[in-house]
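# Structural characterization, general
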Amino acid sequence: MKRNILITGGAGFIGSHVVRLFVNKYPESMIYNLDKLTYAGNLENLKDIEDRENYMFIKGDIVDGEFIRVLFDKYKFDGVIHLAAESHVDRSIANPMEFVMTNVIGTVNLLNAAKAYWKDDFEGKLFYHISTDEVYGSLGEEGLFTETTAYDPHSPYSAAKASSDHFVRAYHDTFGLPTVISNCSNNYGANQFPEKLIPLFINNIKNNKPLPVYGKGENVRDWLYVEDHANAIDVIFNKGKIGETYNIGGNNEWTNIDLIKVLCKVMDNKLGREEGTSEKLITFVKDRAGHDLRYAIDSSKLQKELGWKPSLQFEEGIEKTIDWYLNNQEWLDNVTSGEYKNYYKEMYVGR
Ligand code: NAD
Ligand code: TDX
C-alpha cells in the first residue's frame, strides 16, 4: 500500500531509527521527516538514507500550528508517527515551559491539523502518538505498569507527556480521530544524545571523567534496545487497534549502580584498562528532584495481541552500543562541542 507517512522528531535518537526502518521497509511509501533540529536533532543520524527517493526531510517546528496545517494540505499525510518532543527530565526541571510548548501545544497542533485535513474521512488514516512509561509515575519494589495503571507523573517532562497522551485520547473519544498510543520504557543504543545516562557515562568513562550518579544509584529502569522499540512501533502502526494503548518494555530491570558497573567493566575490557579502573570514576552527587524510584513495564498485551517481542539480550545490546560510541568519535565530538559544554557545567558543576 502506498502511504504518505509523517514522522515527527525523525532526526532524534529513536526517531532516526524509526525513519530508517520505514524508508527501508516500505519503498512504496513516502516517508516525511519533520524536525526542528533542536540540540537533540541531528541529520548525521540519517546520512545513510538521506538520498533515498521515498524520503524527504522538512525542517520545522510543531509549535507553529499554521505551518503544520499547511504541511498536511501539501503532502497529504495519511499516517502520522509522532515522536517530536523535549525528552530529557533534567532539562524539564530547569525549563518546564519548553516542554509544555513542544510536548503539549505541539501535539495538539498536530491533532488539529490531522483532524482538519482528514475531515471525517478516517478510512486508512492513523495518528500514532509515541509516549513514555514515565506518565505512570513510580513503582515500589513490586509490580509492573500495565495499560490501565493510573497516570501519576512527577517531573515536568512526564507531566507534559501525560498531558499530550490525554489530548490524543480526547481527540479519539470526542472527534473519532483514529489514534493509537504506545508507552515505552528507557531506550538505549546508537545515536542517543550524551545527556542521557548510558551515552553520557560511556563518553565520561572513555575520557576518564567523573561518573555523576544521582542519589545512591538505587533507582531502577527497564532498558530496551532502540531497534526493538522501532520494530514495536512498526508493528503497532500496522497492526495496532484504533483507540488502544500498548506498553513496550525490555523486561530488563537494572538499578542504576549495577548498570553503571557493567558499563565500567565492559569498557575496561575494551579500552585495555585493568579491571576496576573505571569504577573509581563513580561519584555520588545530589539526587534529581522528584526522582522516580522504579519503572518496569508489562508488555504482555503487545506480545500476545500483536506478536512483538524484544530481540536482543541486554549483554549483546550494551556491547553493540558501547562499540558504536567508541567507533563514532566524530559524531560524539560534533554533538558535544559548543552548547553542550554550557549544559554540562550548568547540570553537573557543583552538584
Ligand atoms: P530526542 O530528544 O533524541 O529527539 C527528539 C527530536 O524531536 C529531536 O530530533 C528534536 O530536534 C525534535 N524536536 C524537538 N522539539 C521539536 C519541535 N518543537 N518541532 C519539531 N521537532 C522537534 O528524543 P528521543 O529519546 O528520541 O524520544 C523520542 C520520543 O520517544 C519522545 O516523544 C519521547 O518522549 C519518547 N520516548 C523516549 C524514550 C527514551 O528512552 N529516549 C522512552 C520512551 C518514550
Ligand atoms: O547523570 C546522570 N546520573 C544519573 O544517575 C543521569 C543523566 C541520569 N542518572 C539516573 C537518573 C535515572 O534514574 O539514571 C537514570 C536514567 O536517567 P536518564 O537517562 O535521564 O533517563 P530517565 O530519566 O529514566 O528517562 C528516560 O526514559 C524515559 C528518557 O530520557 C525519557 O525520554 C524517556 O521517556
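For the structure, check the block above.
Quantities reported herein were computed from a predicted structural model and do not represent experimental measurements. (Residues numbered from 1 in each chain as written. Chains lettered and ligands numbered in written order. Predicted model: local features only at pLDDT ≥ 70, side-chain atom pairs only at ≥ 80, totals over all residues. Heavy atoms only, no water.)

Turning next to the sheet that holds strand 9 (residues 220-225). Taken together, 3 strands build an open sheet; the order of strands is 7-9-11 and the sheet is mixed. Each end of this open sheet is capped by a strand with a single partner; those strands are strand 7 (186-188) and strand 11 (253-255). Neighbour-to-neighbour, the strand axes of this sheet turn through a mean angle of 50°, independent of strand direction. As paired elements, strand 7 and strand 9 share 3 bridges and run parallel to each other. From the neighbouring strand, N186 faces strand 9, where its bridge partner is W223. (Pairing = 2+ DSSP bridges. Helix = DSSP H or I, 4+ residues; strand = E, 2+ residues; numbered from the N terminus. Axes fitted to C-alpha atoms, helices over the stretch in contact; angles between N-to-C directions.)

Turning our eyes to something else, we now look at helix 12 (residues 339-348). Y340, Y343, Y344, M347 and Y348 are the residues of helix 12 that are buried. All buried residues of helix 12 project into a common sector of 100° when viewed along the axis, lining one side. Summarising the geometry of helix 12, the exposed residues directed more than 90 degrees from the buried face are K341, K345 and E346. Buried residues along helix 12 sit against helix 3 (89-94), helix 6 (197-206), strand 8 (211-214) and helix 11 (329-335). Just past helix 12, the residue G350 takes up positive phi, approximately 80°. (Buried < 20%, exposed > 50% of the residue type's maximum accessible area, 1.4 Å probe, protein only. Arc of directions from axis to C-beta. Contact = heavy atoms within 4.5 Å.)

Counting residues in hydrophobic clusters, the biggest one holds 36 residues, and the most contacted among them are I198, L211 and L263. Of all the elements in the fold, those that place two or more residues in this core are helix 6, strand 8, strand 9, helix 8 (256-270), strand 12 (282-285), helix 10 (314-327), helix 11 and helix 12. The greatest single-element share of this core, amounting to 7 residues, is contributed by helix 8. Of all hydrophobic cores here, the second largest spans 34 residues; its members include I130, L224, A232 and W308. (Core = buried A, V, L, I, M, F, W, Y, C linked by side-chain atoms within 4.5 Å.)

Reading across the sheet, the 7 strands line up as 3-2-1-4-5-6-10 and stay open at both edges, with parallel pairing between neighbours. Each having just a single partner strand, strand 3 (55-59) and strand 10 (245-248) make up the two edges of the open sheet. When strand polarity is set aside, the average angle formed by the axes of neighbouring strands in this sheet is 20°. Pairing of strand 5 (residues 126-132) with strand 6 (residues 179-184), which is carried by 6 bridges, proceeds in the parallel orientation. Among the inter-strand pairings, Y128 is bridged to a residue of strand 6, identified as V180.

An ideal rise of 1.5 Å per residue puts 28 Å on 20 residues; helix 5 (residues 156-175) measures up with 28 Å between its terminal C-alpha atoms. Among the residues of helix 5, those classed as buried are Y157, S158, A160, K161, A162, S164, D165, V168 and Y171. The secondary structure elements touched by the buried residues of helix 5 are helix 3, helix 4 (96-118), strand 5 and strand 6. The first or second residue beyond helix 5 is G176, which carries a positive phi of 75°. (Expected span 1.5 Å × (residues − 1).)

Another aspect to go through is the site of ligand 2. Close to ligand 2 lie 22 residues; T132, E134, Y157, R288 and H291 are nearest. A distance of 2.6 Å separates an oxygen atom of ligand 2 from a polar side-chain atom of Y157. Separating an oxygen atom of ligand 2 from a side-chain N or O atom of N186 is a distance of 2.8 Å. When isolated, ligand 2 has an accessible area of 660 Å², and the protein chains bury 95% of it. Across the shell around ligand 2, the residue classes tally to 10 nonpolar, 7 polar and 5 charged. (Near = heavy atom within 4 Å. Polar contact = N/O pair within 3.5 Å; in protein donor to acceptor, adjacent residues only side chain to side chain. Areas by Shrake-Rupley, 256 points an atom, 1.4 Å probe, with all protein chains shown as cover. Nonpolar A, V, L, I, M, F, W, Y, C, P; charged D, E, K, R; others polar.)

Relative placement of two packed helices is described by the angle separating their axes and the distance separating the axes. As a packed pair, helix 2 (residues 65-75) and helix 4 sit with axes 9 Å apart at the nearest point and diverge in direction by 35°. Both helix 2 and helix 4 take part in a crossing whose hand is right-handed. Residue-level inspection shows G65, I68, R69, F72 and D73 of helix 2 in contact with helix 4, the latter providing N109, L110, A113, A114 and Y117. Of the residues assigned to the contact of helix 2 with helix 4, the class counts are 6 nonpolar, 2 polar and 2 charged. (Left-handed = near helix turned anticlockwise from the far one by under 90°.)

Turning our attention to the packing of aromatic side chains. Taken as a whole and judged by the stated rule, the model has 25 aromatic pairs. Seen from their ring centres, Y325 and W331 are 6.2 Å apart, and the 70° between their planes marks the pair as edge-to-face. Three or more aromatic residues joined by ring pairs form one cluster here, namely Y39, F193, Y214, Y340, Y343, Y344 and Y348. Here the basic side chain of K209 rests over the ring of Y344, its NZ or CZ set 4.3 Å away from the ring centre. Residue placement shows R351 over the ring face of Y214; its charged tip is 3.9 Å from the ring centre. (Phe/Tyr/Trp six-rings, centres within 6.5 Å; stacked < 30°, edge-to-face > 60°. Lys NZ or Arg CZ within 6 Å of the ring centre and 35° of its normal.)

The next point concerns the side chain of E134. Following the sequence through the fold, E134 ends up in the loop between strand 5 and helix 5. Although E134 lies buried, it forms no salt bridge, and the closest oppositely charged side chain, R221, sits 5.3 Å away as judged by the N-O distance. Within the structure, the side chain of E134 is placed 3.2 Å from the side chain of Y295, a separation counted as a polar contact. Ignoring any residue separated from it by four or fewer positions in sequence, one finds E134 in contact with V89, P153, S155, Y157, S158 and Y295. (Lys, Arg positive; Asp, Glu negative; His and termini not counted. Salt bridge = Lys/Arg side-chain N within 4 Å of Asp/Glu carboxyl O.)

Let us now look at the pattern of salt bridges. Scanning the model with the defined rule gives 13 salt bridges in all. Note that D90 is salt-bridged to R288, the shortest N-O span being 2.7 Å. Here R288 lies in the loop between strand 12 and helix 9 (300-306) and D90 lies in helix 3, a separation of 198 residues in the sequence. For the pair D90 and R288, a shared accessibility class is recorded, and that class is buried. As a salt-bridge pair, K196 and E195 come within 3.9 Å of each other at their nearest N and O atoms. You can call K196 buried: its relative accessible area is 19%. Counted as one network, the salt bridges with shared partners bring together E66, R69 and D73.

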